[in-house]
Amino acid sequence: MRGMATATEPQVRTVVEVLVEPRFGWARHPVGAGFVWFRGHVRGRSGPQLAAEAATLTRATASAWLDGLDGHFSLIVDQPEWALAASDPVRSFPLIWGRDGETVVVTHDGPALEERLGLGPGHIDPVMARVVALSGFTIGDATLYSLARQIGPGEYLWVDAGGVRQDRYHRWTPWQPDDRAPEDLVEPLSFLNRKLIEDLIAGAGGRPILVPLSAGLDSRFVVSGLKEAGYDNVRCVAYGLAGNREAVTSREIARRLGYDWTFVPYTQRIMRRVFHDPDYARYKAYSDSLTGMHFPQEYRMLSVMFADHGLDRETIVVNGQAGDFIAGNHVPETLFEPAQTPESRLDCIVDALVAKHFKHWASLQTGDRLGEIDGLIRTEIERLGGLPRDPAGDHGIFEYCEFQDRQSKYVLNGQRIYEYLGLEWRLPLWDRAYMDFWARAPLSAKIGEALYRDVLHRDNWGGVWKDIPVNPTRIRPGWVRPVRLAAKAFHLPFGRKRWHRFETRYLAYWMAETCAYAAWPYCRVARDRRGHYSAFIWHAADYLEGKGLRWDGGSYQSNNG
């Protein structure tokens, strides 16, 4: 099917059909009478070794074997009497599946599953369509279609004569912190930071490393760690509007470290062409695992690096995703002190999740829609076993829910552009040991990323932590500054909310550092009355419209009714 490798094995068990695109990093290993498909990397094991081990699994041994793999991967095993499909503990390589009678179809490719199962607008789950419209991603293991499911972080699908079962082999548990004081974690974190870099270098094997370098903490951690360890085959890149804060700061970091630095400019005109390029449409389709929108930022940057700056095809891309989240920076202030009763504790967690992630169209934030989302989140928390016994872990329930949905489905989906362009990647800040460390860290170490920042500043790798600011304010383009200042003064008597609505509707279009609104004319964005929160949700709306849903003034509806 469309050049895909397809395997079927009609035996006494349910048939499994595998749809994968080998050119996107999949390797097929024949083992015995079947096959193992694998992509990614696992520390200490080669692909053939993994395949040989996987072919010997049983229903009783599969979970423990998967939990012993340290890396980022997805794999599909098809043997005569059983089959297995699994994602790593962060779902860095997504897998989805659905059924056609007795056939279970497993793939990484949303459009391929739509075609194979004949899915269209009439099959879309209306609840998940409303969820995606407000957030850009689904909740739990649901996809946009009721007939398809994802294999979530740390989950696997097992198929044999007894039927089909989706189960979990690993769960991140940030609601179970230790009682150690933050000062007792300084040395362990410093040691772990160094080990992450050492493991990254060992896995790179001397190959070129490209670091998209921003003004924040995380990519600076990666690039300064590489310098501290003496790894010289490193290039840094920044992109966006000329003179934006990320570019100005990253240039200074790279200069001080002695690394090559490249800037790829984005303009409204350039990005308008990019967003309407047929190849960009193919990238979006590749990124679609039916759980939400693609990540739009780096397509232009990497395309230019190949075309104009001689990027080596052997390059490994290492970004800073997502140290700020793992280290606790996303915990809202409302959870800094736990509520008193179980009911109020649960309300506080759910309200914080709804407020943060389901705010992107003001006109869709009706009581019934938000109540629907509230109920879905409560169901997911119930599946965890409810609230932790100790209220000091309540913040971890918030972090877990964000991890399962926004982080794994949207943020980590940014890795798809590297695969689409034929590049390998690594995610050191999503390393298993790092996740485990921060899962056990107390809230006092996480507020404001306190422990993370303290250790990075204390160790001062490469000398780039003491006097180069983190995320400085820098408004671009320059002409916006006086306009914004005058408009802000005018709106001052009317309160901050009104000012922010005005800024988002009329000025954010030009201020977006990656020109993310450029797919749409300014007049359309400025005149839109739905109340968008950011450019992100315009891309989510485009995703839904591409599935055959249309905006009817109050919600998204199927074109066929």
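The structure this text deals with has already been given above.
No experiment lies behind these values; they were computed from the predicted model shown.

## Details of the overall build of the chain
Okay, step 1: Scanning the chain for helices and strands turns up 22 helices and 18 strands.
Okay, step 2: Taking 2.2 N^0.38 as the reference for a compact globule, 561 residues should give roughly 24 Å; the C-alpha atoms of the chain span a radius of gyration of 23 Å, in line with that estimate.
Okay, step 3: Referenced to the eigenvectors of the C-alpha coordinate spread, the extents of the chain come out at roughly 75 × 60 × 55 Å.
Okay, step 4: Counting all 561 residues of the chain, 56% fall into the buried class.
Okay, step 5: Taking as baseline every contact in the chain between residues at least 6 positions apart, the subset at least 24 positions apart corresponds to 71%.
Okay, step 6: Split by element, the accessible area of the chain, about 22200 Å² in all, is 51% carbon and sulfur.

## Looking at the environment of Tyr452
Okay, step 1: Along the polypeptide, Tyr452 turns up in helix 18 (residues 450-459).
Okay, step 2: Accessibility expressed as a relative area gives 0% for Tyr452, which makes it buried.
Okay, step 3: Sequence spacing of Tyr452 and Arg59 is 393 residues, and the spatial spacing of their C-alpha atoms is 40 Å.
Okay, step 4: Discounting chain neighbours no more than four positions away, the residues touching Tyr452 are Leu189, Leu217, Asp218, Phe221, Gly323, Ala327, Leu429, Tyr434 and Trp438.

## Considerations on helix 13 (residues 367-384)
Okay, step 1: Given a rise of 1.5 Å per residue, 18 residues ought to cover 26 Å, and the 26 Å separating the end C-alpha atoms of helix 13 matches this to within 8%.
Okay, step 2: Listed as buried for helix 13 are Arg369, Ile373, Asp374, Ile377, Ile381 and Leu384. Along the axis of helix 13, the buried residues cluster in a sector spanning 140°; they form a single face. Exposed and oriented more than 90 degrees from the buried face of helix 13 are Gly367, Asp368, Glu382 and Arg383.

What counts and what doesn't
- Residues numbered from 1 in each chain as written.
- Predicted model: local features only at pLDDT ≥ 70, side-chain atom pairs only at ≥ 80, totals over all residues.
- Heavy atoms only, no water.
- Helix = DSSP H or I, 4+ residues; strand = E, 2+ residues; numbered from the N terminus.
- Rg over C-alpha atoms; globule rule 2.2 N^0.38 Å.
- Buried < 20%, exposed > 50% of the residue type's maximum accessible area, 1.4 Å probe, protein only.
- Contact = heavy atoms within 4.5 Å.
- Areas by Shrake-Rupley, 256 points an atom, 1.4 Å probe, with all protein chains shown as cover.
- Expected span 1.5 Å × (residues − 1).
- Arc of directions from axis to C-beta.

Remember that the coordinates give geometry; whether it matters functionally is a separate question.
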